[in-house]
Amino acid sequence: MDLITNGVSWLMPPQHERKSPSLHLVLSSVLPWFALYGLLSAFCRRPNTRLQRMLLGPILFFWGVRLSLGTKWCPPDDLGGNVVATMVFISLSFRALVFGLSPQSQKKVDEKIPGERHLHPPSIFHQFYWYIEDALDLSCTIRGVNYNFGSGSGLKLPVDKSIRQKYAKDGRKWAWLMHTLVYRVLPKFIMTDIINYLNLVISHHGGPDAFQKATLLQRLAIESWTFFLIVFNLGYLYDLVSILGVGIACNDISNWPPMFDQPWLSTSLHEFWAVRWHQFLRHVFLITCGYPLQLFAGRIGLIIGAFLSSGVLHSIMLNGVGKTGPSYYTILFFTVQSVGLFLETLFRKTTGRRVGGVWGRIWTIVFILSTGQGAALEWAEMGAMNLRSIPPSISPLQYLLPLIGFNI
């Protein structure tokens, strides 16, 4: 028992024992971790590498979780920065474990053998270059686009309906990059800044427990625009990474479809979670809890397991920003989404019609906002109302508002 307790304490040390980022930490832990993650990705793109992957996967998992939860990545008041940093490391750590323990290497959808076009290099230089190319491609393919693990029934990635799609088809990479920067990154960046400041104003005038003291209608309103804050904040960060992936890592543009598909237009929970919300960790959720529970409870177990895994992962993210113990309401919020999906399925089987239209949109909004009350309280207690998604040094409103005599 002591061994388990010590192991958990090592993975999730108390807040006062967590290290601040330093050059030594980067050189001794962060860079070596990413180097080994790249090596694992390279092995995943070659056949007959199961032993190497089984050795690297668990090591990277525990090391990555320790780095994520044992480091104060940003100042304590920067909940947004800490959550993003924790989310990245936790997500990659789980992905390393899944890749490492997978019995098969990772094939692209048109391959019979993993990395088949790179199996017979004409020189050592080509072999080294192709290993790096394959490692970068797999590492940057967040949702498994063009890979077997990112395909299959039930996966519906957003379709880019803007002029960017034409640039992609014509191979006009630089036009695609500029359009992404000007029409994707900047608008989302500005909207993130505006909603961020709205929450800061509420917190400033209502106190640190403004959300807890708010009425039900006020909480629902705060939840609503915070939903948009999540979409815009993650959206502009994703678009920035896509620019790096296409412009520097030479990824194919098709590897970077839109992150979200206007989730506010959803007319059912099925449409919201399976179509319009991001599918970043779908593979991890299915592998860790979805498929195991499917063995015992069929499709019902698959759905409950996937949402349960999502809830646990978000709970771990809160541990990374200082919360002690499990975040039960956060876990419950995601798990109960499966109940909503079952109710929609029951409605379809009973009436012969799918949930949709205006009433379907109202149902989706009411269900998500009402079941999210407990989770919202947990995040508010951790300082979500005071989070700065954008550092003050690059915040447009930080400079514009004082010009008109408005200060928080």
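Everything below is about the structure printed above this text.
Structural notes, computed from the coordinates. (Residues numbered from 1 in each chain as written. Predicted model: local features only at pLDDT ≥ 70, side-chain atom pairs only at ≥ 80, totals over all residues. Heavy atoms only, no water.)

### Examining the environment of Arg184
Selection criterion: Each helix is a run of H or I in the DSSP string that is no shorter than four residues. Each strand is a run of E no shorter than two, and both are numbered from the N terminus. Type-normalised accessible area, obtained with a 1.4 Å probe on protein chains alone, sets the label of each residue: buried when under 20%, exposed when over 50%, and partly exposed for intermediate values. Any two residues whose heavy atoms approach within 4.5 Å at even a single point are treated as in contact.
Along the chain, Arg184 turns up in helix α7 (residues 173-206). On the basis of relative accessible area, Arg184 is assigned to the buried category, the value being 16%. Residues Arg184 and Leu240 lie 56 residues apart in sequence; the distance between their C-alpha atoms is 9.0 Å. Apart from the residues within four sequence positions on either side, Arg184 is in contact with Asp160, Ser162, Arg164, His179, Asp239 and Pro258.

### A few points about the packing of aromatic side chains
How we decide: Centres within 6.5 Å make a pair out of two Phe, Tyr or Trp rings, where for Trp the six-membered ring is used; the pair is then stacked when the planes are under 30 degrees apart, edge-to-face when over 60, and tilted otherwise.
The full count for this structure, using the stated rule, is 23 aromatic pairs. Judged by centre distance (5.1 Å) and plane angle (75°), the ring pair of Phe61 and Phe62 falls under edge-to-face. We classify Phe61 as buried; its relative accessible area is 13%. Phe62 gets classed as partly exposed once you look at its relative accessible area, which sits at 41%.

### Focus on the layout of surface pockets
Unoccupied space between atoms shows up once a probe the size of one water molecule is rolled over them. Condition: Definitions used for this entry: grid spacing 1 Å over protein atoms alone; cavity, a set of points where a 1.4 Å probe fits but cannot get out; pocket, an open set with protein on both sides within 12 Å along at least 5 of 7 lines; lining residue, one with an atom within 4 Å of a point. Grid points are joined across faces, edges and corners, and a volume is the space filled by probe spheres set on the points.
Looking at the second largest pocket, its volume works out to about 390 Å³. If you go around the second largest pocket, you meet 19 residues; those closest to its centre are Arg184, Lys188, Pro258, Phe260 and Gln262. Listed by contribution, the elements that provide at least two residues to the lining of the second largest pocket are α7 and α9 (216-247). Among the elements that take part in the lining of the second largest pocket, α9 stands out by supplying 4 residues, more than any other.

### As for the nonpolar core
Cut-off, in case you're wondering: Here, nonpolar core refers to any group of buried Ala, Val, Leu, Ile, Met, Phe, Trp, Tyr and Cys residues whose side-chain atoms link them within 4.5 Å.
If you look at the biggest cluster of nonpolar residues, it comprises 48 residues, and the most contacted ones within it are Ile90, Phe94, Trp176, Trp273, Trp277 and Leu313. Put simply, the parts of the chain that give this core at least two residues each are α3 (50-69), α4 (79-101), α7, α9, α10 (269-276), α11 (282-320), α12 (328-351) and α13 (357-371). With 10 residues, the single largest contributor to this core is α11. Ignoring anything within four residues of it in the chain, the contact list for Trp277 reads Phe227, Ile230, Val231, Met259, Phe260, Pro263 and Phe272. Within the second largest apolar cluster, 19 residues are counted, among which are Trp33, Leu60, Ala85 and Phe149.

### What about the pattern of salt bridges?
Our working definition: In what follows, salt bridge is the name for a side-chain nitrogen of Lys or Arg lying within 4 Å of a carboxyl oxygen of Asp or Glu.
One pass over the structure, following the stated rule, counts 6 salt bridges. A salt bridge links Glu111 to Arg45; the shortest N-O distance between them is 2.9 Å. With Glu111 in the loop between α4 and α5 (124-140) and Arg45 in the loop between α2 (23-44) and α3, the pair connects residues that are 66 residues apart, well separated along the chain. An identical accessibility class is assigned to Glu111 and Arg45; each is buried.

### Examining a positive patch on the surface
Note the following rule: Patches here are clusters of residues that have more than 30% relative accessible area and form no salt bridge, with a 9 Å joining cutoff for like charges and a 5 Å cutoff for nonpolar side chains (Val, Leu, Ile, Met, Phe, Trp, Tyr). Each accessible area is a Shrake-Rupley result for a 1.4 Å probe, and residues are judged covered by the shown protein chains and nothing else. Neither His nor the chain ends contribute to the count of charged residues, in which Lys and Arg are positive and Asp and Glu negative. By convention, the charge on Lys lies at NZ, on Arg at CZ, on Asp at CG and on Glu at CD.
A cluster of basic side chains, namely Lys156, Arg348, Lys349 and Arg354, defines a positive patch on the protein surface. You can see Lys349 is positioned in helix α12.

### Focus on a nonpolar patch on the surface
On the surface, a nonpolar cluster with roughly 550 Å² of combined accessible area is contributed by Met178, Leu181, Val182, Tyr183, Leu186 and Leu240. Examining the composition of the nonpolar patch, we find that 5 residues originate from one element, α7, more than from any other.

### As for the packing of α12 against helix α14 (residues 373-381)
Applicable threshold: What counts as an axis is a line fitted to C-alpha atoms, over the stretch in contact for a helix, and the angles between N-to-C directions run from 0 to 180 degrees. By the definition used in this description, the sense in which the near helix is turned from the far one sets the handedness, with an anticlockwise turn below a right angle giving left-handed and a clockwise turn giving right-handed. Ten residues, namely Ala, Val, Leu, Ile, Met, Phe, Trp, Tyr, Cys and Pro, are considered nonpolar, four, namely Asp, Glu, Lys and Arg, are considered charged, and the remaining ones, Gly among them, are considered polar.
At a closest axis distance of 8 Å, the pairing of α12 and α14 adopts a crossing angle of 145°. For the crossing formed where α12 meets α14, the hand is left-handed. Between α12 and α14, the contacting residues are Tyr328, Tyr329, Thr330 and Phe333 on the first element and Gly374, Ala375, Glu378 and Trp379 on the second. For the contact of α12 with α14, the per-class residue count stands at 5 nonpolar, 2 polar and 1 charged.

### With respect to the packing of α2 against α3
Here α2 crosses α3 at 145°, and the two axes come no closer than 10 Å. The way α2 lies across α3 gives a crossing that is left-handed. Of α3, the residues touching α2 (which contributes Leu25, Ser28, Ser29, Val30, Pro32, Trp33, Leu36, Tyr37, Leu39, Leu40, Phe43 and Cys44) are Gln52, Arg53, Leu56, Gly57, Leu60, Trp63, Gly64 and Leu67. Each residue belonging to the contact of α2 with α3 can be placed in one class, and the counts come to 14 nonpolar, 5 polar and 1 charged.

### Comments concerning the environment of Ser139
How we decide: By the criterion applied in these results, polar contacts are pairs of N or O atoms within 3.5 Å in which, for protein atoms, one can donate a hydrogen and the other can accept it, and in which residues neighboring in sequence qualify only through two side-chain atoms.
Looking at the element boundaries, Ser139 is found in helix α5. With 266 residues separating them in the primary sequence, Ser139 and Gly405 have C-alpha atoms 47 Å apart. The residues touching Ser139, leaving out its near neighbours within four places in the chain, are Tyr37, Ser41 and Arg95. Within the structure, Ser139 has its side chain in polar contact with the backbone oxygen of Ala135 (distance 2.7 Å).

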